[in-house]
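Architecture at a glance
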Amino acid sequence: MDSSDWPELSRGAIRRLIDGAQEQPVLQILGAKLIPNSENERYRLLISDGLNLHSYAMLTSQLNYMFKEGSLADFSIFRLKRFNTSNIPTKPENSIGRRVIVLLDIEILTPGGQVGVKIGNPVALEQKPEAANMNGGSGSGAGAPKPPTANPYLGKTTTNNFPASTAPGTPGNQRNKANLNDSISLENSVINPICSLTPYQNKWVIKARVTHKATVRTWKNDKGEGKLFSFELVDQSGEIRATAFRDQVDKFYDMLEVDKVYLVSKCSLKPTDKRFNNTKNEYELTLNNETIIQECFDDMEVPTTMFNFVPISQITNMEPNSLIDVVGVCTSSGEVVKFTSRASGRDLQKREVTLVDTSKASVNLTLWGNDAENFDCTYQPVVAIKGARITEFGGGKSISLIGSSIMKMNPDIPEGHKIRGWFDNGGAEDIDTNISTRTGTGTGMKTDWVTFHEAKMKNLGMGDNADYFQTKGIVHLVRSNNCVYKSCPQASCNKKVVDQDDGTYRCEKCGTSYPNFKYRYLLSMSIGDWTSNRWVTCFDEVAEQIIGKSAQEMGELLSTTPDEGEAALHDIHFSTYIFKLRIKMEHFGDNSRNKISVVTATPVNYNEYNEYLIKNLSNLTGITAN
């Protein structure tokens, strides 16, 4: 491409942006650097408008993919469609501050590979001192009060002439800080994007929407007792979690409402504790006596909850305890189950519902507490969840709400409208995979062909996460002892029950006794391929598929006519299947062993299996098959 075809850079635009202008300039990127010691990847950029260079530019983490896919490279010419600016003061406090431009949305006009050179001869931009660092006072005596100092962060004029009882650092001043802060208005403040906050800033104001507010919790230990609650904030640049303790709970809990927008300032900032915080931010806020929070009614540009939806079919490949965002239509709902927790002794309640989405898969969702009690599936609503936790039982994956999860019913978002239209037009009629059961778990899961010998040589299952593979195997031996067990009759619970010898069966998980139970498979069998054999575990749906009898039928056979039950199990010997297997190291006291469970067992598709064999032969001989 000839240089005459390149878009013209917006000369002088960087200075105008820093001075507060609103425009969509054309700029060039000259370099990028990954910020070290950052849990979430962040890129600092060197940008040019042809006249000036500016190295204090930051790319919002939502655009990191542009670097990974190579669309944003050195010398690229782009249009800056959306941005924020913030001030990062340098030390000492009275030195010149730096204005950071945060790139929120950009459009690549000419890829860097087609440009390949720096345009013009731009020079470094010299920034102006902030007004807050400039004091007047010419002609005043030594004992005269200092003139008012403009504070660009708070939009108010303050004075440094304090009465003795309220001078900084005195007890009187500490007692009155909250009242002084309450009188400060943040309306005319310079707004900082959330993504620019660091512990090295002490003057900032963010404008953000509350997307989640947890209930107040209390604690009591040897050091004392107290209460706390947390809430999450989001703006165009990112999200952050805030926590209030003790007095701040009384001051702010009733004031803060979900979906409203607030101006927030003067909180403490510290690194995120990932044990309790799943937001995509390396820092979190703590409210203190100086914190200012004021409702803002100009909320048009502040986004609502930020989702990163995962298709339901992909959950099968994700690790248990991962936190994900999901959107789906609720097609069915179970009853509320009430029980007592053995760990805490608290009375709990839960409900199981089923969600489907356009990936043609469904998943079970567990709701707790008030969410379980108040959930209404009458009109098959669209449900969007942020921060659902993946759980696993018997190889099937489910999701569950936790304390920090956000659930929205029929959300007014593009993904919600799209899935509503898909469902109303019959999209759910061809759902063929329920990832919460064993029947279709392997349908969407990519697994490699691996023999048992290769699995051992590759140390599969030895890492922190489970490994999956498939092999063509033959059933050698089936253990009839304990191949079924008596479980809770509730559809949403598969816990083993205790026979109380009085005609009732108690489920410790549900905390309830029942007059009946249901049988479920827990089948152990030895399978082998041409290299070796292994003992594997089959859970309910897969075992039922292989044996051809339900767990209830097999349980009744073994209890009434055990010879017939034994014969039914013997009939599957020497059956051949394509087994998709999950292998994971499990620890039992001081002992460890690899446990293999069957994800699916399907009849051999010889076209697929022959392709695998031909590919192996080609790799071994170097001859490509025609």
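Here, every reference points to the structure presented above.
Residues numbered from 1 in each chain as written. Predicted model: local features only at pLDDT ≥ 70, side-chain atom pairs only at ≥ 80, totals over all residues. Heavy atoms only, no water.

Considerations on the overall build of the chain
Helix and strand content of the chain: 12 helices and 34 strands. The burial tally for the chain puts 45% of its 626 residues in the buried class. Considering only residue pairs separated by 6 or more positions, the chain has 63% of its internal contacts joining residues 24 or more positions apart. For the chain, the exposed area adds up to about 32,800 Å²; of that, 48% sits on carbon and sulfur atoms. (Helix = DSSP H or I, 4+ residues; strand = E, 2+ residues; numbered from the N terminus. Buried < 20%, exposed > 50% of the residue type's maximum accessible area, 1.4 Å probe, protein only. Contact = heavy atoms within 4.5 Å. Areas by Shrake-Rupley, 256 points an atom, 1.4 Å probe, with all protein chains shown as cover.)

Structural notes on the sheet that holds strand β29 (residues 505–507)
With respect to topology, three strands assemble into an open sheet ordered β28-β29-β30, the strand pairing being antiparallel. In this open sheet, the two edge strands, each paired with only one partner strand, are β28 (498–499) and β30 (512–514). Here β29 pairs with β30 via three bridges, running antiparallel. When the bridges of β30 are listed, R506 appears paired with S513. (Pairing = 2+ DSSP bridges.)

Thoughts on the environment of V498
Note that V498 resides in strand β28. If we skip the residues at most four places from it in the chain, V498 touches T504, Y505 and R506.

Quick notes on the pattern of salt bridges
Counted according to the given criterion, the structure contains 13 salt bridges. Between D250 and K227 there is a salt bridge whose closest N-O contact spans 2.6 Å. With D250 in helix α5 (residues 247–252) and K227 in strand β11 (residues 224–235), the pair connects residues that are 23 residues apart, well separated along the chain. Residue classification places D250 among the exposed residues on the basis of a relative accessible area of 51%. The residue E392 makes a salt bridge to R582 at a minimum N-O spacing of 3.0 Å. You can see E392 sitting in strand β21 (residues 382–393) and its partner R582 sitting in strand β33 (residues 576–588), a full 190 residues away along the chain. A cluster of three or more residues bridged by salt bridges with shared partners is formed by E239, D325 and K386. (Salt bridge = Lys/Arg side-chain N within 4 Å of Asp/Glu carboxyl O.)

A look at the nonpolar core
L523, M525, I546 and F579 are the most contacted members of the largest nonpolar core, which totals 42 residues. When near neighbours in sequence (up to four residues on either side) are disregarded, M525 contacts V475, L477, V478, R534, W535, V536, C538, I546 and F579. Counting residues in each nonpolar core, the second largest holds 24 residues, with L197, W204, L233 and V249 among its members. (Core = buried A, V, L, I, M, F, W, Y, C linked by side-chain atoms within 4.5 Å.)

Comments concerning the packing of helix α10 (residues 551–560) against helix α11 (residues 562–570)
Contact pair α10 / α11: the axes reach a minimum separation of 5 Å and the direction vectors enclose 130°. Considered as vectors, α10 and α11 are oriented oblique to each other. In this structure, α10 contributes M554, L557, L558 and T560 to the contact, and α11 contributes P562, E564, G565, E566, A568 and L569. Of the residues that constitute the contact of α10 with α11, the class distribution is six nonpolar, two polar and two charged. (Axes fitted to C-alpha atoms, helices over the stretch in contact; angles between N-to-C directions. Parallel < 35°, antiparallel > 145°, perpendicular 65-115°, else oblique. Nonpolar A, V, L, I, M, F, W, Y, C, P; charged D, E, K, R; others polar.)

Observations regarding the pairing of strand β22 (residues 396–400)
With five of five residues buried, β22 lies mostly within the body of the structure. Residues G396, S398 and S400 point to one face of β22 and K397 and I399 to the other, with burial holding for every one of them. The pairing of strand β20 (residues 361–368) with β22 spans two bridges and is parallel. Bridge pairing in β22 places T366 opposite S400. Direction of pairing for β21 relative to β22: antiparallel, over a ladder of five bridges.

Here's the deal with helix α9 (residues 540–547)
Every buried residue of α9 is listed here: D540, V542, A543, I546 and I547. Projected down its long axis, α9 shows its buried positions confined to an angular sector of 170°, all on one face. Where α9 terminates, the next one or two residues include G548, which has phi positive at roughly 85°. (Arc of directions from axis to C-beta.)

Points about the side chain of R520
Relative to the elements of secondary structure, R520 occurs in strand β31 (residues 518–528). By relative accessible area, R520 is classed as buried at 12%. A polar side-chain atom of R520 sits 3.2 Å from a polar atom in the side chain of N494. Residues within four places of R520 in sequence aside, it is in contact with C483, V484, Y485, S487, N494, D540, E541 and A551. (Polar contact = N/O pair within 3.5 Å; in protein donor to acceptor, adjacent residues only side chain to side chain.)

Re the environment of Q380
By the element assignment, Q380 lies in the loop between α6 (369–374) and β21. With relative accessibility at 28%, the residue Q380 sits in the partly exposed group. As for Q380 and L355, which are separated by 25 residues in sequence, their C-alpha atoms are 9.5 Å apart. Those residues within four positions of Q380 in sequence are excluded, and the remaining contacts are V329, C330, T331, R420 and F423.

A word on unusual backbone geometry
Apart from glycine, the bulk of residues carry a negative phi angle, and the bulk of peptide bonds sit in the trans form. In this structure, R246 is a non-glycine residue whose phi angle is positive, near 45°. By the element assignment, R246 lies in the loop between β12 (238–245) and α5. A residue is classified by how much of its surface remains accessible, and R246, at 43% relative accessible area, is partly exposed. Look at N410: it is not a glycine, yet its phi comes out positive at around 45°.

Thoughts on helix α12 (residues 606–621)
Between its first and last C-alpha, α12 extends 22 Å over 16 residues, near the 22 Å set by a 1.5 Å rise per residue. Of all the residues in α12, the buried ones are Y609, Y612 and S618. Its buried side turned inward, α12 meets β25 (448–449) and β26 (467–478). G622, located one to two residues past α12, shows a positive phi value of around 75°. (Expected span 1.5 Å × (residues − 1).)

Quick notes on the packing of aromatic side chains
Each aromatic ring pair is specified by the distance between its two centres and by the angle formed by the two planes. For the structure on display, the rule yields 12 aromatic pairs. Here W449 and Y609 contribute two aromatic rings whose centre-to-centre distance is 5.5 Å and whose plane-to-plane angle is 55°, an arrangement assigned as tilted. In this pair, W449 sits in strand β25 while Y609 sits in helix α12, placing the two residues 160 residues apart along the sequence. No difference in accessibility class separates W449 from Y609, as the two residues are buried. Their ring planes at 90° and their centres at 5.1 Å tell us that F517 and Y519 sit as a pair that is edge-to-face. Neither F517 nor Y519 differs from the other in exposure class; each is buried. (Phe/Tyr/Trp six-rings, centres within 6.5 Å; stacked < 30°, edge-to-face > 60°.)

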